[in-house]
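Understanding the architecture of this molecule
Listed here are the chains, written in short residue letters.
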Amino acid sequence: MNEQTELVFADEGILFLILSFAGGQSTSKCIFLSKWHQDTLTSEESFKWRLERLHIEKGIYSPSRLPPKTSWKSLYLELIKRQSLWEKTSSVSTHKFNIQVSARFKPKGLASNMKQNGYNNNKKFKLPLHQRLALIRLDNKVSSNKEALKILSDQGDWFRDKWAGMGEEKKDDSPEKSKNASPPGISGGVHFIDTESNCVILVDPTKGLREFQFDHVMDGSKSQEYTYDSSTMPLVVDFFNGFNATCLVYGQTGSGKTHTMFGPSGGYFDSERQEKQQDWGIVPRVCLEVFEAIEFRKKHLNIDIEASVTASYIEVYGSEVIDLLKNGAQCGQSRVAAQRYVLDGSAEVPITSLRDSLILLNQGSDQKRTAATAMNERSSRAHTLFILTLRQKCVQSGVSATSRLILADLGGSEQIKKSLPHNQSLNSGEVGEDESTTNISLGSDEDRLSEAVNINLGLLALKRCVKALNSRRPRHHIPYSENKLTMMLSSGLGGDSKTSVVVCAAQEEEHGVETISAMKFGQSCGKVSNTTISKANMLKGLLAQIDEKITKCEENIKKNERWEIRRERRVDSMDCVDLRNTTVLVGAENYRIELEDLLQKRAELTGTQFGH
């Protein structure tokens with residue numbers, strides 16, 4: 001290659017522009033032109049360009065920015081497998097994956113309502129002996145457990161009486177020294193958050209220091225955008241590319257669940273003022289990306305893909321399923337009826353823009369069940385599900401796909417005493433001076449207790465489903481039907497949906513029990529393996545297309561076919577000629593051949609025998 005050609009291709013942007021017009025095959029051939037071409041076309045920037053071309057040429061959606069802790073190359077290698085999504089010859093593809101789990105921790109000091117309301121837990125925990133000895137060996141640079149045990153004895157908070165009797169000098173157990181001695185053990189709660197290696201270390205009362213590993217770990221410094229990019233942006237990619245997807249936010253009240261899912265407004269948005277989008281949670285960001293993507297695809301794709309979006313906003317409270325977009329009307333009278341009402345589209349409302357989405361969120365927010373508790377001034381007292389349904393059809397090929405994205409803000413998981421209103425407790429004997437004040441206080445307590453019980457029943461059923469999914473016994477029953485929440489989330493937990501779980505937690509030691517419980521739940525979810533089916537509704541759509549063609553074919557046969565009299569000449573064995581009139585069906589021979597072919601195809605798809 002001469003010097004002039006090198007100068008022409010010195011800018012990789014020019015090279016990508018030329019290859020965009022040259023076609024996909026030219027890229028692989030161009031790699032072998034020179035070392036520079038090879039390095040350029042195998043760089044991260046080149047894979048970003050390949051994804052853009054894959055989107056424009058094949059309609060395979062990819063994000064405009066890279067999700068955290070991934071690469072353009074890995075994203076391209078994943079999405080290139082779906083390049084035939086909108087082609088007639090596309091086959092249904094299956095993918096196995098584990099539920100992705102992210103842990104998000106609220107900044108310290110923002111979850112301290114419990115201390116302000118008289119609840120404080122300064123309980124110290126002793127580490128298991130093997131952990132304590134290991135720490136002593138590291139800290140004192142000793143190699144044996146015997147030396148570590150001696151140091152532990154000198155510290156005076158383990159085996160005090162036993163070691164005192166065995167030592168040369170009796171320990172001083174005077175009241176003055178005991179009074180001044182620091183309490184043994186360590187405080188509970190979160191001790192270390194490592195956002196680079198995605199792990200968190202907490203104090204488990206039964207197991208001591210315990211490490212939890214997740215796909216993503218976010219401390220209080222991580223922004224709403226980072227949380228969305230790491231937990232939900234990949235789901236939006238799958239959503240556009242024919243997969244069902246689910247995002248769950250789980251944690252105790254006051255840990256930031258609703259803030260993560262909706263934003264600081266808790267689900268209420270000013271549709272005329274959007275300058276604070278940096279504070280938006282997952283739901284409005286999903287709506288923003290969905291409608292920006294639809295507009296981009298209308299203007300830039302080489303193929304025409306028609307798309308329509310509908311939204312449902314549901315609240316699950318105990319045995320009730322409430323439609324927040326229909327003035328709190330109840331969905332169905334039974335568990336099965338409620339699930340069918342939501343998932344068959346009866347609760348759907350068409351939306352065509354981001355503004356429509358924000359209006360619906362505001363409408364649903366006005367109907368949501370909220371109350372003040374000891375953990376949160378405005379606590380969600382039920383589980384809420386915001387569901388987007390995307391229907392797409394490629395005009396050129398006629399291929400269609402329907403996908404659903406479920407965004408669930410689960411109610412708070414906490415101890416009952418933390419669900420009571422501010423300045424109230426289960427053991428409180430304080431009542432008002434008159435009867436009316438007393439009734440109001442007790443009624444408020446009873447409401448919060450009832451809400452906490454209903455929330456915890458749903459979460460308990462959810463945990464049982466996750467535990468059953470982790471059981472590796474074949475054909476093991478998954479108890480989805482125990483609760484309406486688990487019935488609604490069944491596709492996301494063990495069905496044909498790609499799923500992400502965001503576990504929200506507080507760092508303070510007074511919330512240590514709930515934080516440990518939340519981490520264990522997240523760890524259990526991470527072990528669940530789903531099998532997703534691309535173009536989940538393609539079989540149904542294909543049958544509908546065949547049925548439509550069969551109907552049209554039958555109409556054409558009825559319109560064009562007629563009886564016709566024909567004169568036939570027959571010669572018998574005696575060479576006698578016999579002329580007879582016969583009636584035959586004519587005019588639709590080709591349509592009948594087509595009809596037979598369609599019926600055969602339908603029988604093959606449905607597994608029935610043709611002709612029966």
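In case you missed it, the structure is sitting above this.
This text gives an overview of the structure that appears in the document. (Residues numbered from 1 in each chain as written. Predicted model: local features only at pLDDT ≥ 70, side-chain atom pairs only at ≥ 80, totals over all residues. Heavy atoms only, no water.)

A short note on the sheet that holds strand β5 (residues 189-194)
Taken in spatial order, the three strands make up an open sheet running β5-β6-β7, and their pairing is antiparallel. Unpaired on one side and paired on the other, β5 and β7 (208-213) mark the two borders of the sheet. Within the sheet, the average angular offset between the axes of one strand and its neighbour, ignoring direction, is 25°. Relative to strand β6 (residues 199-204), β5 runs antiparallel, the two sharing five bridges. When the bridges of β6 are listed, Asp194 appears paired with Cys199. (Pairing = 2+ DSSP bridges. Helix = DSSP H or I, 4+ residues; strand = E, 2+ residues; numbered from the N terminus. Axes fitted to C-alpha atoms, helices over the stretch in contact; angles between N-to-C directions.)

Let's talk about the side chain of Ser397
In this fold, Ser397 is placed in the loop between β16 (383-394) and β17 (400-409). The exposure class of Ser397 is buried, given its relative accessible area of 16%. Within polar-contact distance, the side chain of Ser397 engages the backbone oxygen of Trp86 at 2.7 Å. Among the polar contacts listed, one links the side chain of Ser397 to the backbone nitrogen of Val399, at a separation of 3.3 Å. Once you skip the residues sitting within four places of it in the chain, Ser397 turns out to touch Trp86 and Lys88. (Buried < 20%, exposed > 50% of the residue type's maximum accessible area, 1.4 Å probe, protein only. Polar contact = N/O pair within 3.5 Å; in protein donor to acceptor, adjacent residues only side chain to side chain. Contact = heavy atoms within 4.5 Å.)

Considerations on the environment of Ile193
As for its placement among the helices and strands, Ile193 is situated in strand β5. Judged by its relative accessible area of 19%, Ile193 falls in the buried class. Along the sequence, Ile193 and Glu211 sit 18 residues apart, while their C-alpha atoms lie 9.8 Å from each other. Excluding residues within four positions of it along the chain, Ile193 makes contact with Phe105, Cys199, Val200, Val217, Asp219 and Gln507.

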